[in-house]
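Reading the structure
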Amino acid sequence: MKRAEVDDDAWRTYVAELATNLRRVRLAAALSQEDVAYRAGLTRYTYQKYEKGESAPGRPANPTIRTLLAITQVLQVPLSDLLPKDAPDLRLR
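Residues numbered from 1 in each chain as written. Predicted model: local features only at pLDDT ≥ 70, side-chain atom pairs only at ≥ 80, totals over all residues. Heavy atoms only, no water.

**Here we look at the overall build of the chain**
From N to C terminus, the chain includes four helices and two strands. In the chain, the succession of α and β elements from N to C terminus is α-α-α-β-β-α. Rg of the C-alpha trace for the chain: 13 Å, near the compact-globule value of 12 Å for 93 residues, within the 12% margin. Taken along the three principal axes of its C-alpha coordinates, the chain extends 40 × 25 × 20 Å. Here the chain holds 93 residues, and the buried ones make up 35% of them. (Helix = DSSP H or I, 4+ residues; strand = E, 2+ residues; numbered from the N terminus. Rg over C-alpha atoms; globule rule 2.2 N^0.38 Å. Buried < 20%, exposed > 50% of the residue type's maximum accessible area, 1.4 Å probe, protein only.)

**Some points on the packing of helix α2 (residues 33–40) against helix α4 (residues 65–75)**
Taken N-terminus to C-terminus, the directions of α2 and α4 make an angle of 120 degrees; their axes are 9 Å apart at the nearest point. As judged from the angle between their axes, α2 and α4 are oblique. By crossing handedness, the relation of α2 to α4 is classed as right-handed. Across from Val36, Arg39 and Ala40 in α2, the residues of α4 making contact are Ala70, Ile71, Val74 and Leu75. By residue class, the composition of the contact of α2 with α4 is six nonpolar, no polar and one charged. (Axes fitted to C-alpha atoms, helices over the stretch in contact; angles between N-to-C directions. Parallel < 35°, antiparallel > 145°, perpendicular 65-115°, else oblique. Left-handed = near helix turned anticlockwise from the far one by under 90°. Contact = heavy atoms within 4.5 Å. Nonpolar A, V, L, I, M, F, W, Y, C, P; charged D, E, K, R; others polar.)

**Side note on the environment of Glu54**
Inspection of the secondary structure assignment puts Glu54 in strand β1 (residues 54–56). With 39 residues separating them in the primary sequence, Glu54 and Val15 have C-alpha atoms 7.9 Å apart. Reaching out from Glu54, the side chain makes a polar contact with the side chain of Lys49 at a distance of 2.8 Å. (Polar contact = N/O pair within 3.5 Å; in protein donor to acceptor, adjacent residues only side chain to side chain.)

**A look at the side chain of Asn21**
With respect to the helices and strands, Asn21 occurs in helix α1 (residues 3–28). Residue class for Asn21 comes out buried when judged on its relative accessible area of 11%. Those residues in contact with Asn21 that sit more than four places away from it in its chain are Asp81, Leu82, Leu83 and Pro84.

**Focus: the pattern of salt bridges**
Scanning the model with the defined rule gives three salt bridges in all. For Lys49, the salt bridge goes to Glu54, with nearest N and O atoms at 2.8 Å. Each member of the pair, Lys49 together with Glu54, is buried. A salt bridge links Arg91 to Asp89, with the nearest nitrogen and oxygen atoms 2.9 Å apart. For Arg91, a relative accessible area of 70% corresponds to the exposed category. (Salt bridge = Lys/Arg side-chain N within 4 Å of Asp/Glu carboxyl O.)

This is the structure we're talking about:
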């Protein structure tokens, strides 16, 4: 397996956990996907993709820091509540 494929697998795992965290925090805040999207300046479709962990079928999501910060502000949580604890090693891409 190539190094990039290992990185991609680790990134997919990381993004899947981010997606789970987004959903968990949103549900705890008693907000719909549409509420979060609108308040964060996103389309509902885009936000739904983040909760699915993908940007296009078969491609893991890669939200910008600006987008993540907007979502945390809507959900009123620190960024650390959304980001998984163990980030994959992306230095050797």
